[in-house]
Amino acid sequence: MTLKPAITWSVPSEKYDLDGELILHGLSSTILAINADHSIIKLNAAAEQFLSSSAINIVGRPLSDFIPPDSPLFVLIEQVRLENQAVSEYDLTIETPRIGRHFVNVHAAPIAERPGVVILSIHSRSIAEKIDRQLSYRGAARSVTAMASMWAHEIMNPLSGIR
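Source: prediction; values computed, not measured.

Engineer: Would you mind showing me how to read the environment of leucine 82 here?
Structural biologist: Inspection of the secondary structure puts leucine 82 in helix α4 (residues 72-83). Sequence separation between leucine 82 and proline 110 is 28 residues; the distance between their C-alpha atoms is 10.0 Å.

In structure tokens:
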């Protein structure tokens, strides 16, 4: 008696022939390739949505045309270039009038075969994280308001506690 394998690993190659472009555009995270002079040289479909423009209008332009040059993103890119290793930054807020406000986590990595080129992977944070952040701000605001109210009472009635 011969046993047949439970799983057949052969698939028609033309049906599942995927190149890097298809995989890149299938990702939901923003992916940008930035060259040594901070120009965008490659991006995926999610990056087009994130930057609110088409690839034709984005490729070749400096990242600073879309993100303010004082953004922590530029410091992250320089850190990757200096250390020549991947770096991650969490809980960043990227905000411009053009693209709006985004709460993101950013992963940046160098490409060994292309000196000076850095890949940015920008991941939007979840709605739950945003709500949690808003609730903690609201709680802090309430604490400050309560403290201000208490101080105002003490200033207006300094001797009320001494009886």
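So, next bit.
Engineer: Any chance you could explain the pairing of strand β2 (residues 40-43) here in plain terms?
Structural biologist: For a regular strand, side-chain orientation follows a simple rule: the groups alternate between the two sheet faces. Pairing of strand β1 (residues 30-34) with β2 involves 3 bridges; the strand directions are antiparallel. Residue isoleucine 34 lies in a different strand from β2, and its bridge partner there is isoleucine 40. Hairpin connection between β1 and β2: a loop of 5 residues separates the two successive antiparallel strands, and histidine 38 in this loop has a positive phi of roughly 70°.

Engineer: How do you make sense of the pairing of strand β3 (residues 87-96) when you look at a structure like this?
Structural biologist: For β3 and strand β4 (residues 100-110), the ladder comprises 8 bridges, and the chain directions are antiparallel. Looking at β4, one finds that threonine 93 is bridged to phenylalanine 103. Turn length for the β3-β4 hairpin, with the two strands adjacent in sequence and antiparallel, is 3 residues.

Engineer: Can you help me understand the pattern of salt bridges in this one?
Structural biologist: A side chain with one charge may pair with a side chain of the opposite charge, provided their charged atoms come close. Here the structure, examined in full by the defined rule, presents 4 salt bridges. In this structure, the salt-bridge partner of arginine 81 is glutamate 78, at a minimum N-O distance of 3.2 Å. Taken together, the residues arginine 81 and glutamate 78, both in helix α4 and 3 residues apart, mark about one turn of the helix. Arginine 101 is the salt-bridge partner of glutamate 95, the closest N and O atoms lying 3.3 Å from each other. Judged by relative accessible area, arginine 101 falls into the exposed class, the value being 52%.

Thresholds applied
- Along each chain, residues carry numbers from 1 onward, in the same order as the chain's sequence is written.
- Totals for whole chains, interfaces and linings use every residue, but because this is a predicted model, local features are given only for residues with pLDDT of at least 70 and side-chain atom pairs only at 80 or more, for both listing and counting.
- Side-chain figures throughout are based on the complete set of non-hydrogen atoms in the structure, without hydrogens or water.
- Helix and strand definitions here come from DSSP, where helices need a minimum of 4 consecutive H or I residues and strands a minimum of 2 consecutive E residues; each element is numbered from the N-terminal end.
- We treat two strands as partners when DSSP finds at least two bridges between them.
- The salt bridge criterion pairs a side-chain nitrogen of Lys or Arg with a carboxyl oxygen of Asp or Glu, the two atoms within 4 Å.
- Under the scheme applied here, a residue whose accessible area is under 20% of the maximum for its type counts as buried, over 50% as exposed, and between as partly exposed, the area being computed with a 1.4 Å probe on protein chains only.

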